[in-house]
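What follows is each chain in one-letter form.
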Amino acid sequence: TGGLMIYIDFSDTPRALIRQKTPEFVRYDQIDAPHVACEGPGARDPKVWRDIHWPYWTAQLKDYGLAPSSDMPVCVERFELIHPPSPAALFWAKARAARPDLKLGDRYRTRCIGGTRETNQLILGYIKSGEKVGTFPLPWQLQKTGEPMPKPGDFTIQLDIDGTPQLVVRTTSVAVKPFNDIDATDTAIDGPPVRPLEVWRRVHVPYYSQVLTGLGLAFSEDMPVCVERFELVYAP
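First, a word on what this report is: a plain description of the structure on this page. Everything numeric here is computed off the predicted structure, so don't read it as measured data. (Residues numbered from 1 in each chain as written. Predicted model: local features only at pLDDT ≥ 70, side-chain atom pairs only at ≥ 80, totals over all residues. Heavy atoms only, no water.)

1. A few points about a nonpolar patch on the surface
Next up, step 1: A cluster of nonpolar side chains, contributed by M5, Y7 and F79, occupies part of the molecular surface with about 270 Å² of accessible area.
Next up, step 2: Here M5 shows up in strand β1 (residues 4–8).
Next up, step 3: Judged by relative accessible area, which is 31%, M5 ranks as partly exposed. (Patch = residues over 30% accessible without salt bridge, like charges linked within 9 Å, V, L, I, M, F, W, Y side chains within 5 Å. Areas by Shrake-Rupley, 256 points an atom, 1.4 Å probe, with all protein chains shown as cover. Salt bridge = Lys/Arg side-chain N within 4 Å of Asp/Glu carboxyl O. Helix = DSSP H or I, 4+ residues; strand = E, 2+ residues; numbered from the N terminus. Buried < 20%, exposed > 50% of the residue type's maximum accessible area, 1.4 Å probe, protein only.)

2. Side note on the pattern of salt bridges
Next up, step 1: Evaluated as defined, the whole model comprises 14 salt bridges.
Next up, step 2: For R111, the salt bridge is made with E228, and the minimal N-O distance between the two is 3.0 Å. Here E228 lies in strand β10 (residues 224–234) and R111 lies in strand β6 (residues 109–111), a separation of 117 residues in the sequence.
Next up, step 3: Taking relative accessible area as the criterion, E228 reaches 0% and is therefore assigned buried.

3. Quick word on the sheet that holds strand β5 (residues 79–83)
Next up, step 1: One open sheet holds the three strands; their spatial order is β1-β2-β5, and the pairing between them is antiparallel. The strands lining the two open edges of the sheet, one partner per strand, are β1 and β5. Adjacent strand axes in the sheet meet at a mean angle of 40° when their direction is disregarded.
Next up, step 2: In this structure, β1 lies alongside strand β2 (residues 14–20), joined through five bridges in antiparallel fashion. Bridging across to β2, I8 finds its partner in P14. (Pairing = 2+ DSSP bridges. Axes fitted to C-alpha atoms, helices over the stretch in contact; angles between N-to-C directions.)

4. A short note on the nonpolar core
Next up, step 1: One finds A88, F91, W92, A95, L102, L104, F155, I157, L159, V168, V233 and Y234 forming the largest nonpolar core, which totals 12 residues.
Next up, step 2: Of all elements in the fold, only α3 (87–98), β8 (155–159) and β10 reach the threshold of two or more residues within this core.
Next up, step 3: Excluding anything up to four places from it in sequence, W92 contacts L104, G105, D106, R107, Y108, F155, I157 and V168.
Next up, step 4: Counting 11 residues, the second-largest nonpolar core is a separate cluster that includes F136, I189, L212 and V225. (Core = buried A, V, L, I, M, F, W, Y, C linked by side-chain atoms within 4.5 Å. Contact = heavy atoms within 4.5 Å.)

5. Here's the deal with the state of the cysteines
Next up, step 1: All chains considered together, the criterion is met by zero disulfides.
Next up, step 2: The thiol of C38 is unpaired, and the distance to the nearest cysteine sulfur, on C75, comes to 9.9 Å.
Next up, step 3: Judged by its relative accessible area of 42%, C38 is partly exposed.
Next up, step 4: Left without a disulfide partner, C112 is nearest to the cysteine sulfur of C226, which lies 18 Å away.
Next up, step 5: Since its relative accessible area comes to 33%, C112 is described here as partly exposed. (Disulfide = S-S within 2.5 Å.)

6. What about the environment of L142?
Next up, step 1: In this structure, L142 sits in helix α5 (residues 139–145).
Next up, step 2: Look at L142 and you get buried, because its relative accessible area is 7%.
Next up, step 3: Separated by 97 residues in sequence, L142 and D45 place their C-alpha atoms 55 Å apart.
Next up, step 4: Other than its neighbours up to four places away in sequence, L142 contacts P137, E147, P148, M149 and P150.

7. Here's the deal with the sheet that holds strand β7 (residues 134–135)
Next up, step 1: Spatially, β6-β8-β9-β10-β7 is the arrangement adopted by the five strands of the open sheet, whose pairing is mixed. Edge strands, defined here as strands with exactly one partner in the open sheet, are β6 and β7.
Next up, step 2: In terms of strand pairing, β7 meets β10 through two bridges, oriented antiparallel. Bridge pairing in β10 links T135 to E228.
Next up, step 3: Against the sheet, helix α4 (residues 117–129) makes contact with β8, β9 (165–178) and β10, and its axis sits at roughly 90° relative to β9, the strand it touches most.

8. Looking at α3
Next up, step 1: Compared with an ideal rise of 1.5 Å per residue, which puts 12 residues at 16 Å, α3 spans 16 Å between its outermost C-alpha atoms and is within 8% of the ideal.
Next up, step 2: Here α3 has its buried residues at A88, F91, W92, A93 and A95.
Next up, step 3: Of the surrounding secondary structure, the elements contacted by the buried residues of α3 are β2, β6, β8, β9 and β10. (Expected span 1.5 Å × (residues − 1).)

Below is the structure:
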C-alpha cells in the first residue's frame, strides 16, 4: 500500500509513475465486475477479462511448473497515476540502455548552455563533435539557485533551448579559480570560436554580468569561476 512503481515499455523506457493502493486477494472464480472495473476499457467485462487472462496466466505459470486453477488467488491491485516521466527521465533511461558499461545510476543533472537558440545549437554541435570538452559555471549562480557544485563523475543531460534532452556528458575534472586567473589553457576546452582568451573574456563578461544581475549580484574580476571539463558519453 502506498508503494511507488515505474511502468516501463519493452525497451525498458519508463512510461508512468504510479502509487499502489490497498490490494485485495480474490479467488479467480469469484472475480466479478467491480474487480475488473480497474482494468482498461477493453477488459472490464468479466468474461472478456477471463478470456484474456486465462491463456496469459497459463503461459506464465507453465514456466514455473504450475497451472492455473479456478480457485487460485488473484491479487486485485488498484493504483493511481502520479505523473508521467519527464523527458529527461525518458532520455536517461535510453542512455542507461545504450551504455550499460557506464553502470549509470539514478542521479543526473540537467543543463542548458547558451543564452539564445542559435548559440545553444552551436554549443551542442561542438560537444557532439568533440570540439567542446568543458564549460564554466559560476559558483555564485549555483549557490543562489540551490544547485550543487559539479564534481568528477557527475553526469549531465544537456538540453536544447526548448528543454529537450540532446546528449549526456560526464564531468572529468573541476577547478575553481578567480575570473581574472582564467588563461588560455582553460579556455582551450571551450568551442573553437571562443578559445582565444580575449574572445572568451569578451563573450563571458557580458554573459556573466546578465546572469548575476538577474540574481541580485554583480560581476567582478576576482569572482570564482568553475573550470569544468567533461566527456561525451551518449548522443543518440
